[in-house]
Structures are given as structure tokens and as C-alpha cells.
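Overview (structure and organization)
Here's the letter readout for the chains.
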Amino acid sequence: MRNPKNTWDANLQNIKRMHWLHEQLVKIVPAMDISDILRSEYVLIVSAFDCYIHDVVLQGMSDMFSGNKIECKSFTDFCIPMSTVKELLATSDVSLRESIYNTSVKKILSKDSYQSPKSVEFALSMVNMKNIWSKIGKKMGMSTEDVKTNLGLIILRRNKIAHEADIENLVSMKKTEIERTDVEEVITFLNNVVLAIDRIRIDG
């Protein structure tokens, strides 16, 4: 199974390369509006964060299933299809059994997005990571509410870009302004949240 932090780092580097490309294009074609590249970066960095949370949950549930992590109520109450149960009962191969379980859990989790403060809190509670925003806030030197508010605003802007083409209102076609610094601030903030979560995973 892939390492959540390694996947985050790889996605982050891809976005940073895209950010560098935007910088070069601005110099080459200054008269052209290429701000949609920044909007794409914005959506992608949130997507990478969503992917990281999914990977953390999947790895945690896999570790509980294999006996390498203490189980929690969310794990024991998690429902998988009877078809998966039958496959699990039909094999005594440990590696195959874990693969069957992980594939089933991944499919179930893929139906949900873990981006907003509430959804992230719910997701991490599934692998026994409680009071997560308080812990993240302490790691980042911020209050619980400030961390949640910042993430909430980032997700609101992401949704405006992804679902409304970032258009300001219903009258004109003008898009909400976006600057390179807007993307850089989001990258920095989400990377700090990921670093905090990863430290919490290690420290327990």
C-alpha cells in the first residue's frame, strides 16, 4: 500500500512545477490571461489533500484489519458487502485476504470526499484520531477555530472554481480575481495541516 505522505509529496511537487510553468508563461505572454492555470492548481492541491486523507484512513483501517493497530468503534461498525465477506472467508492466504479487504474499503471510501473540516474530522475518527482539529491547531501554533475556518474558506473557493467556473455573479462573466500568492498560501497551509496530521499519526 502506498505511503500517504509520499503520495502527498509527489502531488505537491507536480503542482509546484505547474506553478513554476505559470510564472514562466506570465513572462513570455504577459498580455494573455492565464489565471485559469492558478485555478487549476487551487483545485489540484485540494484534491491532493483529499487523496492524502483517504490514504490515511485506508492505511489505518488496513492496519486494524491486520492486527497492527488497535481497533476502534468506527472500524468495528464499518460495513462491507457480503460478497467481500464471502471472498474473505474463502481464502486463508493472509496477503490475499488483506488485498480483498483493502480493495473493498477503498471502493467504499471513494464515494466520499474528505475536504471540509467536518468531513476530515469524521474520516480521521474512523482510524481512532480523535479531537483532530485541536491537535492540529497545537502542532501549527493556531487555534482550533482558526484552522477550521481557514480550511473551510479554502474549500469554499475550491468549490466556486470547480462548480461555478469561479464566475463572480449571475450577471457578468467576470471571474473572481486570483493571484499567485493565493495559491501559494493554500499550498503552505495545507502542507502544514498534512505535516501536523502525519506527526499526530506517529506520536499517537
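This write-up is about the structure you can find in this document. Predicted model only: the values in this text are computed from it and were never measured.

With respect to the overall build of the chain
Counting secondary structure elements, the chain contains nine helices and zero strands. Reading the chain from its N end, one meets helices and strands in the order α-α-α-α-α-α-α-α-α. Taken across its 204 residues, the chain has 41% of its residues classed as buried. Across the chain, contacts joining residues at least 24 apart in sequence account for 72% of those joining residues at least 6 apart.

Let's talk about helix H5 (residues 94-109)
With 16 residues, H5 should reach 22 Å at 1.5 Å per residue; the first-to-last C-alpha distance of 22 Å fits that figure. Those residues of H5 lying buried are Ile100, Tyr101, Asn102, Ser104, Val105 and Leu109. Where H5 begins, the side chain of Asp93 points an oxygen toward the backbone nitrogen of Ser95, at a separation of 3.0 Å.

Quick notes on the packing of aromatic side chains
A complete count under the given rule lists two aromatic pairs for this structure. By the ring-pair criterion, three or more aromatic residues cluster together here, those being Phe65, Phe75 and Tyr101.

Some points on the nonpolar core
Most often, soluble globular proteins keep nonpolar side chains buried together rather than apart. If you look at the biggest cluster of nonpolar residues, it comprises 51 residues, and the most contacted ones within it are Trp8, Ile45, Phe49, Ile53, Met61, Ile136 and Leu190. Within the residue set of this core, elements represented by two or more residues are helix H1 (4-28), helix H2 (35-66), H5, helix H6 (117-125), helix H7 (132-140), helix H8 (144-164) and helix H9 (180-203). Here this core takes 13 residues from H2, the largest share from any one element. Residues within four places of Ile45 in sequence aside, it is in contact with Trp8, Leu12, Ile15, Val186, Ile187 and Leu190.

Quick word on unusual backbone geometry
A positive phi is found at Asn128, a non-glycine position, where the angle reads about 65°. Summarising the element assignment, Asn128 is placed in the loop between H6 and H7. Its identity is not glycine, yet Asp166 carries a phi of approximately 65°, on the positive side.

Quick word on H2
Under the 1.5 Å per step criterion, the end-to-end length of H2 is 47 Å for 32 residues, consistent within 8% with the ideal 46 Å. Among the 32 residues that make up H2, 23 are buried, leaving the element largely enclosed by the rest of the structure. Of the residues one or two after H2, Gly67 is the one with positive phi, at around 90°.

Some details on the side chain of Ser104
On the secondary structure map, Ser104 appears in helix H5. Within the structure, the side chain of Ser104 is placed 3.1 Å from the side chain of Thr84, a separation counted as a polar contact. Each residue touching Ser104, except ones within four places of it in the same chain, is listed here: Ile80, Pro81 and Thr84.

About the thresholds
- Residues numbered from 1 in each chain as written.
- Predicted model: local features only at pLDDT ≥ 70, side-chain atom pairs only at ≥ 80, totals over all residues.
- Heavy atoms only, no water.
- Helix = DSSP H or I, 4+ residues; strand = E, 2+ residues; numbered from the N terminus.
- Buried < 20%, exposed > 50% of the residue type's maximum accessible area, 1.4 Å probe, protein only.
- Contact = heavy atoms within 4.5 Å.
- Expected span 1.5 Å × (residues − 1).
- Polar contact = N/O pair within 3.5 Å; in protein donor to acceptor, adjacent residues only side chain to side chain.
- Phe/Tyr/Trp six-rings, centres within 6.5 Å; stacked < 30°, edge-to-face > 60°.
- Core = buried A, V, L, I, M, F, W, Y, C linked by side-chain atoms within 4.5 Å.

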